[in-house]
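# Fold and contact review
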Amino acid sequence: MSPDDEDGRTDASSAPSLRAVLLHGSLDILIHEARNLPNKDILSNTMGGLLKSYTSAPEGAASTSDPYVTVLVASATVARTYVIQDDENPRWAQHFLVPVAHEAAAVNFVVKDSDVFGAELIGSVAIPSESLQSGDRVEGVYPVLEPNGKPCAPGAVLRLSVQYVPVARLTMYHHGVTPGPDFPGVPNTYFPLRRGGRVTLYEDAHVPADGCLPEIRLGNGTNYRHGQCWHDVYDAMSQARSLIYITGWSVFHTIHLVRDGDKGRSLGDLLKKKSKEGVRVLLLVWDDPTSRSVLGIQMVTDDRGPREPWHDLHSKIDGPAAFDVLKNFEERWLKASKRTGAKKLTKSCNDTLLWIEKIPEIAAIDDEIYSSDSDPERWDIQIFRSIDSNSVKGFPKDPREATSKKKTMQMMYEIIYRALQEMGLDGKYEPQDYLNFFCLGNREAEETPNTSTGSFSASNPQDQSRKNRRFMVYVHSKGMIVDDEYVIIGSANINQRSMEGTRDTEIAMGAYQPHYTWANMLSAPRGQATNQPTKSIPESQLQKP
């Protein structure tokens, strides 16, 4: 048996003779059917027969494999078919259009048997990446091989087709991220692009009002206003009339969101107050040993208290896209509260979620009301989410097994260097001319004789940091600005755990202002996304949560 998110990586799919190439574009995949797959439930049938011989259980049809297919590129799962129950000749006929930016030797189609305790590898088919580079469609019937390279069963085959379309041939990217009013958004996603609304961007949850951040002039002639995230969160919850739904890693309920002036109530007290007023308060949080109930409100607290201050990014969404955030919460809530074990035998009545259709001010939200082309400050917004998640199942317990930041940076530089070599520019340019990594630093106070650390080595980075009194500031932000017009902010890190889609549950928003795009202005945009401050708040001015 192999865990589902190990994805049955096989020696046959990574043969030494295959050369890794960069696939940057889109994979058009069609998985038709499989034939003559082996019965992986023989052991289950044998055990079931033994149990029936000692009981009066009725005879039933013997079960067989419950096959499905996952598609792997560079060990990342990029597509997965549905499971077909008890069928050695399954027909899926499923189509996938998958964006890729992976360096891989092959595109691997891994056939598995779904089981109660995970999944069992049946076999795999490897399509060499080099055979896809021409852009021609590769299709046929391929033998399903075990890790040792032998057929998993006599006549076992998988019929599929795959075509690689380089990014240069994808016309949707030819005019930037937002090529005009008919831009459909990111295709093949769970939620559509919502036209019209408001996005408020925040740098850090609490920004001191002492002028430490620079003044920035926007394209409309006004100065950028640095938002007060925690103030806005507190005000929004205070004014809530129907519901407050919160999801996150944990909730420190004694925290005070407002840090200056009238501090108001703590988060926990505010939520209890709103609950007593009849507002539905639900918290969907990480399930850990510190979970507890506070006056009927389920919370997660951390007995170690708040961590050190972090630099972070946040966003507030007003308008139709907020409904998609609500929908995502509802679906995650229903999945998390799904009845298991013996509870399945009793009648279920989950009435914790409000019936949104009966709340007019929410149910009546319409894109047309917000999407006025005459509004220069309008935002178009799309919500993204990871479709599937098994939390941290299969994530390396030993940090040495996980991909480090250093390895990620090295991989990025190697890709750029090879591209320069192919263009014959490796003698003229360096990878650092195209990609650089920066870390915020905090200047510490001068060391006194009593705090001196002793010997100094010029070749030691730690000693150099101490000499210059520059130390890294932890930046927890997950954000990206593309071409000064499109901003993405969400929960995912740029690593396998967040991006694979079968581990952590992630959510993000992508947004732009149609009046501040390259396509509309024919010059560098200067909207809200463009002008996010690059000067950080000094660490000494950050307040602990």
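Our subject is the structure that appears above.
Residues numbered from 1 in each chain as written. Predicted model: local features only at pLDDT ≥ 70, side-chain atom pairs only at ≥ 80, totals over all residues. Heavy atoms only, no water.

### Some points on the pattern of salt bridges
- Applying the stated criterion across every chain, the model contains 14 salt bridges.
- One salt bridge in this structure joins Glu 33 and Arg 91, with 3.8 Å as the shortest N-O distance. Of this pair, Glu 33 sits in strand β1 (residues 21-35) while Arg 91 sits in strand β4 (residues 91-104); the two residues are 58 residues apart in sequence, bridging distant segments of the chain.
- Relative accessible area serves as the criterion here: at 48%, Arg 91 is assigned to the partly exposed category.
- As a salt-bridge pair, Lys 272 and Asp 269 come within 3.4 Å of each other at their nearest N and O atoms. Here Lys 272 and its partner Asp 269 are both found in helix α3 (residues 267-276), 3 residues apart, which amounts to about one turn of the helix.
- A network of salt bridges, in which partner residues are shared, links Glu 33, Arg 35, Arg 91 and Arg 159. (Salt bridge = Lys/Arg side-chain N within 4 Å of Asp/Glu carboxyl O. Helix = DSSP H or I, 4+ residues; strand = E, 2+ residues; numbered from the N terminus. Buried < 20%, exposed > 50% of the residue type's maximum accessible area, 1.4 Å probe, protein only.)

### Regarding the nonpolar core
- Core analysis: the biggest nonpolar cluster contains 33 residues, and Leu 27, Ile 29, Ile 31, Phe 109, Leu 158 and Val 162 have the highest contact counts within it.
- Elements supplying a minimum of two residues to this core: β1, β2 (67-73), β4, β5 (106-115), β6 (118-128) and β8 (157-166).
- It is β1 that provides the largest number of residues to this core, a total of 6 residues.
- Those residues in contact with Ile 29, other than ones at most four positions away along the chain, are Val 71, Gln 94, His 95, Phe 96, Val 98, Phe 109, Ser 161 and Val 162.
- In this structure, Met 237, Ile 244, Leu 267 and Leu 270 belong to the second largest nonpolar core, which totals 17 residues. (Core = buried A, V, L, I, M, F, W, Y, C linked by side-chain atoms within 4.5 Å. Contact = heavy atoms within 4.5 Å.)

### Overview of the side chain of Asp 66
- Locating Asp 66 in the fold gives a position in the loop between α1 (42-53) and β2.
- For the buried residue Asp 66, which engages in no salt bridge, the nearest side chain bearing the opposite charge is Arg 80, 11 Å off.
- Of note is the side chain of Asp 66, whose polar atom sits 2.7 Å from the backbone nitrogen of Asp 86.
- Those residues in contact with Asp 66 that sit more than four places away from it in its chain are Asp 41, Val 83, Ile 84, Gln 85, Asp 86, Lys 112, Asp 113 and Ser 114. (Lys, Arg positive; Asp, Glu negative; His and termini not counted. Polar contact = N/O pair within 3.5 Å; in protein donor to acceptor, adjacent residues only side chain to side chain.)

### Quick notes on helix α2 (residues 229-238)
- Looking at α2, one finds that the buried residues are Cys 229, Trp 230, Asp 232, Tyr 234 and Met 237.
- Packed against the buried residues of α2 are β10 (198-203), β11 (243-248), α3 and β15 (313-318).

### Here we look at the sheet that holds β2
- As summarised here, the arrangement of the 4 strands in space is β3-β2-β5-β6, forming an open sheet in which the pairing is antiparallel. Of all strands in the sheet, those with a lone pairing partner are β3 (76-80) and β6, marking the two edges. Each strand of the sheet is rotated relative to its neighbour by a mean of 30°, with strand direction disregarded.
- Inspection of the sheet shows β2 paired to β3 by 4 bridges, in the antiparallel sense. If you follow Thr 70 over to β3, its bridge partner there is Arg 80. (Pairing = 2+ DSSP bridges. Axes fitted to C-alpha atoms, helices over the stretch in contact; angles between N-to-C directions.)

### Some thoughts on the sheet that holds strand β7 (residues 138-143)
- One open sheet accounts for 4 strands, arranged β4-β1-β8-β7; its pairing is antiparallel. What marks the edges here is a single partner per strand, and that holds for β4 and β7. The mean angle between the axes of side-by-side strands here comes to 25°, regardless of whether they run parallel or antiparallel.
- The pairing of β1 with β4 spans 12 bridges and is classified as antiparallel. Looking at β4, one finds that Ser 26 is bridged to Pro 99.

### Quick look at the packing of aromatic side chains
- Enumeration over the complete set of coordinates arrives at 5 aromatic pairs.
- Geometrically, the ring pair formed by Phe 329 and Trp 333 is stacked, given 5.8 Å between the ring centres and 25° between the ring planes. Taken together, the positions of Phe 329 and Trp 333, both in helix α4 (residues 320-336) and 4 residues apart, correspond to about one turn of that helix. With respect to burial, Phe 329 and Trp 333 carry one shared label: buried.
- Among the aromatic residues, those joined into a ring-pair cluster are Tyr 245, Phe 329 and Trp 333.
- The ring centre of Tyr 68 lies 4.3 Å from the NZ or CZ of Arg 80, which sits over that ring. (Phe/Tyr/Trp six-rings, centres within 6.5 Å; stacked < 30°, edge-to-face > 60°. Lys NZ or Arg CZ within 6 Å of the ring centre and 35° of its normal.)

### Section: the packing of α2 against α3
- Close contact between α2 and α3 brings their axes to 10 Å; oriented N to C, the two are set at 20°. When the axes of α2 and α3 are compared, the pair comes out roughly parallel. For the pair α2 and α3, the crossing hand works out as left-handed. Contact residues: α2 offers Tyr 234, Met 237 and Ser 238, while α3 offers Leu 267, Leu 270, Leu 271 and Lys 274.
- For the contact of α2 with α3, the per-class residue count stands at 5 nonpolar, 1 polar and 1 charged. (Parallel < 35°, antiparallel > 145°, perpendicular 65-115°, else oblique. Left-handed = near helix turned anticlockwise from the far one by under 90°. Nonpolar A, V, L, I, M, F, W, Y, C, P; charged D, E, K, R; others polar.)

### Here we look at the pairing of strand β19 (residues 479-482)
- As defined by bridge partners, β19 adjoins strand β20 (residues 486-490) across 4 bridges and the pair is classed as antiparallel. Within β20, the residue paired with Ile 481 across the bridge is Val 487.
- Hairpin connection of β19 to β20: 3 residues between the antiparallel strands, including Asp 483 at a positive phi of 55°.

### A word on the environment of Asn 436
- Following the sequence through the fold, Asn 436 ends up in the loop between α7 (405-422) and β17 (441-443).
- Residues Asn 436 and Tyr 413, 23 residues apart in the sequence, show an inter-C-alpha distance of 9.2 Å.

### Structural notes on the layout of surface pockets
- Quantified by volume, the second largest pocket comes out at close to 320 Å³.
- Around the second largest pocket sit 13 residues that line it, and Val 21, Leu 22, Gln 133, Ala 419 and Glu 422 are the ones nearest its centre.
- Going through the elements one at a time, β1 and α7 are the ones with two or more residues in the lining of the second largest pocket.
- Among the elements that make up the lining of the second largest pocket, the one with the highest residue count is α7 (4 residues).
- Looking at side-chain class alone, the lining of the second largest pocket contains 7 nonpolar, 2 polar and 4 charged residues. (1 Å grid on protein atoms, 1.4 Å probe; cavity = no way out; pocket = protein on both sides within 12 Å on 5 of 7 lines; lining within 4 Å. Points joined across faces, edges and corners; volume = space filled by probe spheres on them.)

### A closer look at α4
- For α4, spanning 17 residues, the distance from its first C-alpha to its last is 25 Å, which sits close to the expected 24 Å at 1.5 Å a residue.
- Listed in full, the buried residues belonging to α4 are Pro 320, Ala 321, Asp 324, Leu 326, Asn 328, Phe 329, Glu 330, Arg 332 and Trp 333. (Expected span 1.5 Å × (residues − 1).)

### What to know about the side chain of Gln 382
- Following the sequence through the fold, Gln 382 ends up in strand β16 (residues 380-385).
- Separated by 2.9 Å, the side chains of Gln 382 and Thr 189 make a polar contact.
- With sequence-adjacent residues up to four places away left out, Gln 382 is seen in contact with Gly 185, Val 186, Thr 189, Phe 191, Pro 192, Leu 193, Ala 508, Met 509 and Gly 510.

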